[in-house]
Amino acid sequence: MDIPTAMVTLFPEVSDKVAAPRTLHVPFKMGRPCGEPFDFETRKKVVDQLLELLTLPSGTREAYRENP
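Residues numbered from 1 in each chain as written. Predicted model: local features only at pLDDT ≥ 70, side-chain atom pairs only at ≥ 80, totals over all residues. Heavy atoms only, no water.

1. Topic: the side chain of R22
Working step 1: Tracing the sequence through the fold places R22 in strand 2 (residues 22-25).
Working step 2: Polar contacts involving the side chain of R22 include one to the main-chain carbonyl oxygen of T5, which spans 3.0 Å.
Working step 3: Polar contacts involving the side chain of R22 include one to the main-chain carbonyl oxygen of L53, which spans 3.4 Å.
Working step 4: The contact partners of R22, leaving out residues within four places of it in the chain, are P4, T5, A6, M7, L53, L54, L56, P57, S58, T60 and R61. (Helix = DSSP H or I, 4+ residues; strand = E, 2+ residues; numbered from the N terminus. Polar contact = N/O pair within 3.5 Å; in protein donor to acceptor, adjacent residues only side chain to side chain. Contact = heavy atoms within 4.5 Å.)

Structure, rendered in C-alpha cells:
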C-alpha cells in the first residue's frame, strides 16, 4: 500500500530537481509557506489545496489559488 505525499514549496524548481511527487507552489515570503502568522483563512486554503493534491497522480504540480 502506497502512502501519497505532497509538499508545499516556495521554490518549484528545487522541488522538481528532487522529484517531489506532488507540489503546491505558494507565493509567500521565505519562512512563511502557509502565509502570514495568524492568517488562519489563508492557512486553511493552503492545507485544503495540499490535501486535494493527495488525490491527484504523482508528478502533479499546482500553484496556490487565492480563490479556489
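Next, the rest of the story.
2. Considering helix 2 (residues 40-53)
Working step 1: A rise of 1.5 Å per residue sets the reference length of helix 2, with its 14 residues, at 20 Å; its end C-alpha atoms lie 20 Å apart and thus fit the reference within 8%.
Working step 2: Taken residue by residue, helix 2 has T42, K45, V46, Q49 and L53 as its buried positions. The buried residues of helix 2 occupy an angular sector of 100 degrees when the element is viewed end-on, so they sit on one face. Pointing more than 90 degrees away from the buried face of helix 2 are the exposed residues F40, E41, K44 and L51.
Working step 3: Buried residues along helix 2 sit against strand 1 (7-9), strand 2 and strand 3 (60-63). (Expected span 1.5 Å × (residues − 1). Buried < 20%, exposed > 50% of the residue type's maximum accessible area, 1.4 Å probe, protein only. Arc of directions from axis to C-beta.)

3. Considering the pairing of strand 2
Working step 1: Bridge analysis of strand 1 against strand 2 gives 3 bridges, and the strand direction is parallel. Paired with M7 across the strands is T23, a residue of strand 2.
Working step 2: Sheet analysis places strand 2 next to strand 3, joined by 4 bridges and oriented parallel. Opposite H25, over in strand 3, you have A63 as the bridge partner.
Working step 3: Handedness of the crossover joining strand 2 and strand 3 through helix 2: left-handed. (Pairing = 2+ DSSP bridges. Right-handed = clockwise from strand over helix to strand, strands pointing away.)

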